[in-house]
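# Commentary on secondary and tertiary structure
Spelled out, the chains give:
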Amino acid sequence: MSSTALPAAAAEITSERRKLKRELTLLPLFGLIYFTVSGGSFGIEALVGWSGPGLALLLIAITPIIFSLPNMLMVRELNSMMPVEGGYYHWIKQAFGPFAGFMAGWMNWIMSFVDVAIYPVLAAYYLGYFFPAIRNGVTLGGIELSGGFMSFLVAAVIIWTMSALQVRGARLAGLTTSWLGVLVMAPLVVMTVLGIIVWIQSGTTASLPFLPEGETLGGALSVGLFVVMWNYMGWELPAAAGDEIVNPRKTYPRAMMLVLVAAVATYALPTVAGLYGGGGDDGRYQAWGIEEYADGEGIGVVLEEYGVAPEQYEAWGIDPTSAIGWEFPDIGHAIAAKLTGEDSALPRVLGGFLTVAAVLCMIGLFIGNSLGGSRIPFALAEDGMMPKWLVRVHPRYGTPWVAIVVCAFAFTLFSLQAFAFLVVVDVFLQTLVILAEFGAMWKLRITRPDLPRQKVPGGWFGMVLVTLGPTAIILLAIYSQIQEEGLSSLWLALAAMAVGALLYVPIRRTIKPGIPDVDPFNPEGAEA
């Protein structure tokens, strides 16, 4: 590259960055963070099935206190210093240098491929309530299409439709998630009220065990911690769109607090109502959220491994050849059937509305999580750590459309994998970045005490408290997974980290020269 071309490349990047539109106010930002962190009750079912009712309820209760709230305080402090496009990439880079920043951006970008791919896969699972062929497969023209392939087709349609919406603008995407939240909550509220009514009418409390039948605490924790953390994490991810948030230093903390309250309520209340309102009776909780071990094997094998006899799960109305167990549409169906009878219209109506809500929830989760995922490659390219064509901004909509399209291809590829596998890879990569973010908060508090910031309250003692909880639960989750499944369960995550480390030096030598570092401390339009 010639000496005259280098300044031109930097100028081109600057020109593209200025096209970004700062239009995310409190309501659309709330929708995006909510559908990044939670997005409703859907997805928590697996926690009950794999870890047991008692442990599931305990994890739902304590995780916000020891994991989510400390994360929010850490994000508030770091984002108040650097409310810039790329978010955590710049936080870690400023604390530990360009290699650490690149690895954080790389790992969370790869994590976004896995994380965002989960939601279209789950949407396909939920649609199986209406169209069993999506779960169980179908034969068309003599060609047998498996349930896995049918789910992939549905997931691909969702991915590309919602990616087109992302190109149209961050505010439109955020407002879409806010309205989706209203539509998602309505049938969940109805299910919760009906479940509580059934619980009160029964006059007894169902006897629910702490762990699944025949499972050890270590085994239940190995998946349970990853599932519950997945359902309570992601507070920092929308911060990657820092240049698109109006008054980010004030708007972002307010949106996070509203999301925390909404997330706890939408996990705890429907789960309790489902367990005690008819969805947990007679061991039915063991069918919540489970999935077959291998494509075409069916969940009957899984249930029998947990000591459930064929006569028992057939009495529950479960098809042993199905790819997945009970999700909230099935749980709502069971609650309504206990209230009005299996032959009444209410079970089918409630199950149908919950299925629609579940699909809309997965769409909202896709929108929320893909927003951050598509902004990281933009921020890396802007900083000279990815090809500069990734900073192309749509001239009309002010969005990084090339990065969005590239991510859509990756999301489609990763949607071929199973849910449990995706969750483990997703949480492992993201939790390592979270640990680095806590380290960055400490490092910058010591090395850059002059920078204005919204500090974690309580001084150094408060810093210790907010760091200990998340660090302990992250290390316990990783240890439990390795003890139960071995390092083989993390091979994709470790391979992705190795690839990123190998790419760093070539990128620094071939792409970075002539492109100055982004100044994250004074982005345009970030009011004090």
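Since we're looking at a predicted model, the values are computed, not measured. (Residues numbered from 1 in each chain as written. Predicted model: local features only at pLDDT ≥ 70, side-chain atom pairs only at ≥ 80, totals over all residues. Heavy atoms only, no water.)

Here we take up the overall build of the protein chain. A tally of regular secondary structure across the protein chain gives 19 helices and 2 strands. Split into buried and exposed, the 528 residues of the protein chain put 60% on the buried side. Within the protein chain, contacts between residues at least 6 apart in sequence are counted, and of these 82% link residues at least 24 apart. Counting only carbon and sulfur atoms, one obtains 68% of the accessible surface of the protein chain, whose full area is about 19,400 Å². (Helix = DSSP H or I, 4+ residues; strand = E, 2+ residues; numbered from the N terminus. Buried < 20%, exposed > 50% of the residue type's maximum accessible area, 1.4 Å probe, protein only. Contact = heavy atoms within 4.5 Å. Areas by Shrake-Rupley, 256 points an atom, 1.4 Å probe, with all protein chains shown as cover.)

Let's shift gears to the side chain of histidine 90. With respect to the helices, strands and loops of the structure, histidine 90 is situated in helix 5 (residues 88-96). A relative accessible area of 0% places histidine 90 in the buried class. Histidine 90 has contacts with Met82, Val84, Glu85, Asp383, Val518 and Pro520, leaving out every residue within four places of it along the chain.

On average, residues of the protein chain score 82 in pLDDT, and 89% of them are at 70 or above. Confidence scores differ between elements of the protein chain, with helix 1 (residues 5-17) showing the lowest mean pLDDT of 63 and helix 5 the highest of 93. For residues 1-6, every residue scores under 50 in pLDDT, and the model assigns this stretch 3 contacts once sequence neighbours within four places are set aside. (pLDDT = per-residue confidence, 0-100.)

Here we come to helix 4 (residues 53-81). The α-helix winds at 3.6 residues per turn, so residues separated by three or four positions along the chain end up facing the same way. Here helix 4 contains 29 residues, and its C-alpha end-to-end distance of 41 Å stays within 8% of the 42 Å for a straight helix at 1.5 Å per residue. Threonine 63 marks where helix 4 bends most, by close to 50°; the proline proline 64 follows one to four residues later. Of all 29 residues that make up helix 4, 21 are buried, and the element is covered over most of its length. (Expected span 1.5 Å × (residues − 1). Bend = angle between axes of the 7 residues up to and from the residue.)

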